[in-house]
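Here are the chains, one letter per residue:
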Amino acid sequence: MGMEAGTMALLTLITALITALLSLVNAVGILLVNGKVDRLARRVEWLTGRVDGLAGTVQSMVGAIAGGARGGSE
């Protein structure tokens, strides 16, 4: 009625192999997702730098226009 020792050992081995395989797949998935997140974060930082540069240019232009308008009206 009980399981043989060999059958029980085989089931334990199969369970351990499945667990190890799932752990490996999970680890690879985490690495892939982290890589995508890192690339996205670098892209956001690059775009933020571009926006900051553009904002500085616009502020300089507005300051020059406002300064020119003030200078002409005095």
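Keep in mind that this is a model prediction, so the values were computed, not measured. (Residues numbered from 1 in each chain as written. Predicted model: local features only at pLDDT ≥ 70, side-chain atom pairs only at ≥ 80, totals over all residues. Heavy atoms only, no water.)

Asker: Describe the overall build of the protein, with residues and values.
Answerer: In terms of helices and strands, the protein carries 1 helix and 0 strands. Residues counted as buried form 0% of the 74 residues belonging to the protein. Per element, the accessible surface of the protein, about 6500 Å² overall, is 71% carbon and sulfur. (Helix = DSSP H or I, 4+ residues; strand = E, 2+ residues; numbered from the N terminus. Buried < 20%, exposed > 50% of the residue type's maximum accessible area, 1.4 Å probe, protein only. Areas by Shrake-Rupley, 256 points an atom, 1.4 Å probe, with all protein chains shown as cover.)

Asker: So what about a nonpolar patch on the surface? Which residues, and what values?
Answerer: Side chains of Leu10, Leu13, Ile14, Leu17, Ile18 and Leu22 sit close together on the surface and give an oily, nonpolar patch of about 580 Å² of accessible area. Residue placement: Leu17 occurs in helix α1 (residues 5-73). (Patch = residues over 30% accessible without salt bridge, like charges linked within 9 Å, V, L, I, M, F, W, Y side chains within 5 Å. Salt bridge = Lys/Arg side-chain N within 4 Å of Asp/Glu carboxyl O.)

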